[in-house]
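Understanding the architecture of this molecule
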Amino acid sequence: MGSPYESHIDRQIREARERGDFDDLPGTGKPIPGAGEHYDEDWWLKSMVARENLGGLAPTSLKIRKAAEDILDEAVKKNSEQTVRQLVADLNKRIEQANRGLVDGPPVVIARIDVDEIVRDWRRVKGLA
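This text gives an overview of the structure that appears in the document. (Residues numbered from 1 in each chain as written. Predicted model: local features only at pLDDT ≥ 70, side-chain atom pairs only at ≥ 80, totals over all residues. Heavy atoms only, no water.)

1. A closer look at unusual backbone geometry
The condition that has to hold: Secondary structure counts use DSSP, requiring at least four H or I residues in a row for a helix and at least two E residues in a row for a strand, with both numbered from the N terminus. Burial status follows relative accessibility: with a 1.4 Å probe on protein chains alone, a residue under 20% of its type maximum counts as buried, one over 50% as exposed, and anything between as partly exposed.
We note that Asp24 has phi near 60°; this positive angle belongs to a residue other than glycine. Tracing the chain through its elements places Asp24 in the loop between helix H1 (8-19) and helix H2 (43-51). A relative accessible area of 76% places Asp24 in the exposed class.

The structure is reproduced here in structure tokens:
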């Protein structure tokens, strides 16, 4: 039985505990995720991005930088040299816009992609060289 000064909320929690509503909850007896690690004030935001698979929220300038880093991986998915050349040409246009500050996000300086180098690497990976 609760105390005469028990709040409405405290009474609801006590009654739920007595009914066993908190028994066998997922994670019972396991360490709290992140306990003892460095505190990150944006933990909730990072957790939501990971949980909701919201990876596409980066500013455009950073997306272009990532696309430049991953260009060969994307090129390998293409089936013809023409589509690889078009992929690189499109990315180079986006790089030029980013370098001029015409897209949202922090300022970036990204080197243009050498089309012939990517085509040469694409041929090597595809076994065409």
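2. Quick notes on the environment of Leu102
Looking at the secondary structure, you find Leu102 in the loop between helix H5 (81-99) and helix H6 (115-126). Taking the relative accessible area as the measure of exposure, Leu102 reaches 59% and is therefore exposed. Separated by 10 residues in sequence, Leu102 and Arg112 place their C-alpha atoms 16 Å apart.

3. Re the pattern of salt bridges
Convention followed: One side-chain nitrogen of Lys or Arg within 4 Å of one carboxyl oxygen of Asp or Glu is enough to make a salt bridge.
On inspection of all chains with the given rule, the structure shows 12 salt bridges. A salt bridge links Asp21 to Arg19, with the nearest nitrogen and oxygen atoms 2.7 Å apart. Note on Asp21: relative accessible area 39%, which makes it partly exposed. Linked through salt bridges whose partners overlap, the residues forming this network are Glu81, Arg85, Asp116 and Arg123.

4. A look at a nonpolar patch on the surface
Operational definition: A patch is a set of surface residues, each over 30% in relative accessible area and not in a salt bridge, joined within 9 Å for like charges and within 5 Å for the nonpolar side chains Val, Leu, Ile, Met, Phe, Trp and Tyr. Note that accessible areas follow from Shrake-Rupley with a 1.4 Å probe, and for residues the cover is restricted to the protein chains shown.
A grouping of Ile9, Ile13, Phe22 and Leu25 is seen on the molecular surface, where their side chains present a nonpolar patch of about 350 Å² in accessible area. Here Phe22 shows up in the loop between H1 and H2. On the accessibility criterion, Phe22 (42% relative accessible area) is partly exposed.

5. Comments concerning the packing of helix H3 (residues 60-69) against H5
Each packed pair of helices is defined by two parameters, the angle between the axes and the distance between the axes. To keep things clear, this is the line we draw: Only the contacting stretch of a helix is used when fitting its axis, a line to C-alpha atoms as for every element, and angles between N-to-C directions run 0 to 180 degrees. An angle counts as roughly parallel when it lies under 35 degrees, as roughly antiparallel when it exceeds 145, as roughly perpendicular when it falls between 65 and 115, and as oblique in every other case. For any helix crossing, the convention is left-handed if the near helix is rotated counterclockwise from the far helix by under a right angle, and right-handed if that rotation is clockwise. Two residues qualify as a contact provided that any one of their heavy atoms is within 4.5 Å of a heavy atom in the partner residue. Residues are grouped as follows: Ala, Val, Leu, Ile, Met, Phe, Trp, Tyr, Cys and Pro are nonpolar; Asp, Glu, Lys and Arg are charged; all remaining types, including Gly, are polar.
Taken N-terminus to C-terminus, the directions of H3 and H5 make an angle of 140°; their axes are 10 Å apart at the nearest point. The pairing of H3 with H5 is recorded here as oblique in orientation. Relative to H5, the crossing made by H3 is left-handed. Packed against H3, whose contacting residues are Lys63, Ile64, Ala67 and Ala68, the element H5 presents Leu91, Arg94, Ile95 and Ala98 at the interface. For the contact of H3 with H5, the class distribution of residues is six nonpolar, no polar and two charged.

6. A word on the nonpolar core
Among soluble globular proteins, nonpolar side chains are generally buried collectively. Here is the rule: The criterion is simple. A nonpolar core is a set of buried Ala, Val, Leu, Ile, Met, Phe, Trp, Tyr and Cys residues joined through side-chain atoms within 4.5 Å.
Counting 16 residues, the largest nonpolar core has Ile64, Leu91, Ile95, Ile113 and Ile118 as the members making the most contacts within it. Those elements that place two or more of their residues in this core are H3, helix H4 (71-76), H5 and H6. With five residues, the top contributor of residues to this core is H5. Not counting residues within four places of it along the chain, the set of residues in contact with Ile95 comprises Ile64, Ala68, Ile110, Ala111, Arg112 and Ile113.

7. Topic: H3
Operational definition: This arc is taken over the directions from the axis of the helix to the C-beta atoms.
Considered for burial, the residues of H3 that qualify are Ser61, Ile64 and Ala68. Taken end-on, H3 shows its buried residues confined to a sector of 60°, consistent with a single buried face. Where H3 is buried, its residues meet H4 and H5.

Purely geometric numbers; function is a separate question.
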